[in-house]
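What follows is the residue order along each chain.
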Amino acid sequence: MLYKNIGEIPINLKGRVAIKLHMGDRGNKTHISPKDVSVLIEKIRAKGGDPYLVDTITLYPRERSTREGYLMVARENGFGDFPIVIARDDVFVEKDGFRIPKDIADADSLIVLSHATGHVLMGFAGAIKNLSIGCVNKYSKRRIHEPMRPLYDEGLCKKCGVCAEACKYGYIKLNDKVEINLKDCHGCRRCVRSCPTGAIHIGKKALENNFELFSESAKAVLSLFKPENVIYINVLKNITELCDCVKDSGDIVCRDMGYLTGKNPLKLDMETPELIRKQNPDTLDFKTWNLFVNIAKKHL
Ligand code: SF4
Ligand code: SF4
């Protein structure tokens with residue numbers, strides 16, 4: 001159901017209520033609004049619940065890759081007045097091979113509060129991304145991204161060094177040949193896209209395998225909660241080309257629509273891009289997103 005105001009959404013959750021959200025990268029201006037979060041917190045407290053904001057640290061080495069750094073960014077982005085838990089990476093429960101921080105897993109209830117945006121890898125980011133890669137620790141993020149690690153074919157390489165420039169994390173060095181630090185690579189594909197010859201590439205089924213892992217991890221996280229204790233809210237405001245993991249997430253692609261809720265995260269994430277498409281048919285990468293949806297349907 002689509003609500004114009006976040007305060008209209010019925011919420012009746014008790015106990016420790018984790019509000020899982022992305023609080024935005026440093027300098028990002030289009031992330032979920034602290035004002036909206038404040039309304040949710042008041043509503044939960046009014047019903048006797050004990051809410052807190054929670055997110056996990058990133059795999060890529062920027063400010064939000066440590067708990068202290070993320071807390072600093074969250075405060076800069078306007079969330080400083082709320083109870084925030086940046087999840088401890090090394091205190092987790094393991095479910096179906098995925099490591100879910102106890103700071104999320106131990107909550108009595110969960111609000112999956114997701115900013116709807118485009119996404120460089122999946123075509124669309126909403127509830128599933130928030131639940132999957134967003135709810136696991138670094139070890140599991142690395143595992144999920146593993147299929148997307150670049151492969152190198154020296155025979156095709158012109159030794160131009162473009163890939164080394166493209167990797168802003170410094171994971172690629174050009175010596176006699178290209179050397180890639182695969183241990184730390186998180187499969188963003190920038191190097192792959194930049195290579196003029198295809199010498200750096202991804203495996204044939206890399207995307208499919210990556211999407212399987214995304215879906216499996218979302219399922220593992222959800223298995224820790226009773227369905228009646230989970231609420232999904234997709235925020236259809238400030239919808240940008242890219243997700244909030246970057247400072248500049250690109251242009252706003254359509255007008256604000258409000259807050260979409262639903263009982264099933266995949267159905268919610270199928271409905272949300274359609275609403276965006278009605279306004280702007282060319283904005284999201286539906287080819288990739290549909291591939292994701294078809295894989296996710298097997299799991300969710
Ligand atoms: S995919 Fe390429 S550009 Fe991205 S982190 Fe890995 S090595 Fe760097
Ligand atoms: S961009 Fe491609 S061709 Fe150039 S050095 Fe890297 S792998 Fe080789």
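Calculation rules
Residues numbered from 1 in each chain as written. Chains lettered and ligands numbered in written order. Predicted model: local features only at pLDDT ≥ 70, side-chain atom pairs only at ≥ 80, totals over all residues. Helix = DSSP H or I, 4+ residues; strand = E, 2+ residues; numbered from the N terminus. Rg over C-alpha atoms; globule rule 2.2 N^0.38 Å. Buried ≥ 20, exposed ≤ 12 C-beta atoms within 10 Å, placed from the backbone. Core = buried A, V, L, I, M, F, W, Y, C linked by C-beta atoms within 7 Å. Axes fitted to C-alpha atoms, helices over the stretch in contact; angles between N-to-C directions. Parallel < 35°, antiparallel > 145°, perpendicular 65-115°, else oblique. Left-handed = near helix turned anticlockwise from the far one by under 90°. Contact = placed C-beta atoms within 7 Å. Nonpolar A, V, L, I, M, F, W, Y, C, P; charged D, E, K, R; others polar. Domains from an automatic or database assignment. Near = placed C-beta within 6 Å. Pairing = 2+ DSSP bridges. Arc of directions from axis to C-beta. Right-handed = clockwise from strand over helix to strand, strands pointing away.

**Comments concerning the overall build of the protein**
Step number 1: Of regular secondary structure, the protein possesses ten helices and 15 strands.
Step number 2: At 19 Å, the protein has a C-alpha radius of gyration in line with the 19 Å of a compact globule built from 300 residues.
Step number 3: Its C-alpha atoms put the protein at 65 × 45 × 40 Å along the principal axes.
Step number 4: Within the protein, buried positions represent 44% of all 300 residues.

**Digging into the nonpolar core**
Step number 1: By size, the foremost hydrophobic cluster in this structure holds 72 residues, and its most contacted members are Ile19, Ile100, Ile104, Ile111, Val112, Leu113 and Leu131.
Step number 2: Broken down by element, this core gets its largest block of residues, seven residues, from helix α8 (residues 206-222).
Step number 3: With nine residues, the next largest nonpolar core counts Cys163, Tyr171, Ile172 and Ile200 among its residues.

**Focus on the packing of α8 against helix α10 (residues 286-296)**
Step number 1: Their axes nearest at 9 Å, the elements α8 and α10 cross at an angle of 50°. For the element pair α8 / α10, the angle class is oblique. The interaxial crossing formed by α8 with α10 has right-handed handedness. Across the interface between the two elements, Leu207, Glu208, Phe211, Glu212 and Ser215 from α8 touch Leu291, Phe292, Ile295 and Ala296 from α10.
Step number 2: Of the residues in the contact of α8 with α10, the class split is six nonpolar, one polar and two charged.

**What to know about the domain arrangement of the protein**
Step number 1: When its domains are assigned, the protein resolves into domain 1 (2-144 + 207-296) and domain 2 (150-201).
Step number 2: Centre-to-centre separation of domain 1 and domain 2, based on C-alpha positions: 31 Å.

**With respect to the site of ligand 1**
Step number 1: Taken together, 14 residues surround ligand 1, and among them Cys167, Cys185, Cys188, Arg190 and Cys191 come closest.
Step number 2: Considered class by class, the residues forming the shell around ligand 1 number ten nonpolar, two polar and two charged.

**Focus: the sheet that holds strand β7 (residues 109-115)**
Step number 1: Overall, mixed pairing links the seven strands, which are arranged β1-β15-β14-β7-β2-β3-β4 in an open sheet. Of all the strands in the sheet, just β1 (2-3) and β4 (84-86) have a single pairing partner and so form its edges.
Step number 2: Judged from the five bridges that link them, strand β14 (residues 230-236) and strand β15 (residues 258-262) form a sheet pairing that is antiparallel. Bridge pairing in β15 places Asn234 opposite Leu260.
Step number 3: The sheet strands contacting helix α2 (residues 67-79) are β3 (50-55) and β4, and the helix crosses β4 at an angle near 145°.

**A look at the packing of helix α5 (residues 138-145) against α8**
Two quantities define a packed helix pair, namely the angle between the axes and the distance from one axis to the other.
Step number 1: Where α5 meets α8, the closest approach of the two axes is 8 Å, and the angle between their N-to-C directions is 145°. The segment α5 lies against α8, with Ser140, Arg143, Ile144 and His145 engaging Asn210, Leu213, Phe214 and Ser217.

**Topic: α5**
Step number 1: Taken as a whole, α5 has its buried residues at Ser140, Lys141, Ile144 and His145. Down the axis of α5, the sector holding all buried residues measures 135°, keeping them to one side.
Step number 2: Elements in contact with the buried residues of α5: β6 (98-101) and α8.

**Focus on the site of ligand 2**
Step number 1: Within the structure, ligand 2 sits among 15 residues, and Cys157, Cys160, Cys163, Cys195 and Ala199 are positioned closest to it.
Step number 2: A breakdown of the residues in the shell around ligand 2 according to their chemical character gives ten nonpolar, three polar and two charged.

**What about the pairing of β3?**
Step number 1: In this structure, strand β2 (residues 16-20) lies alongside β3, joined through five bridges in parallel fashion. Looking across to β3, one finds that Ile19 is bridged to Leu53.
Step number 2: Following the backbone out of β2, through helix α1 (residues 34-46) and into the adjacent parallel β3, one traces a crossover that is right-handed.
Step number 3: Alignment of β3 against β4, held across three bridges, turns out to be parallel. Along β4, the bridge assignment pairs Val54 with Val85.

**Topic: the environment of Lys141**
Step number 1: Mapped onto the elements, Lys141 comes out in helix α5.
Step number 2: For the pair Lys141 and Lys287, spaced 146 residues apart in the sequence, the C-alpha separation amounts to 24 Å.
Step number 3: Those residues in contact with Lys141 that lie beyond four places of it in its chain are Leu59, Ile133 and Val136.

**Some details on the pairing of strand β5 (residues 92-95)**
Regular strands show a simple pattern: their side chains alternate between the two faces of the sheet.
Step number 1: Pairing geometry for β5 and β6, over four bridges, is antiparallel. Each residue of the ladder has a partner; that of Val93, found in β6, is Ile100.
Step number 2: Here β5 hands over to β6 after two residues, with Asp96 in that stretch at a positive phi of 50°.

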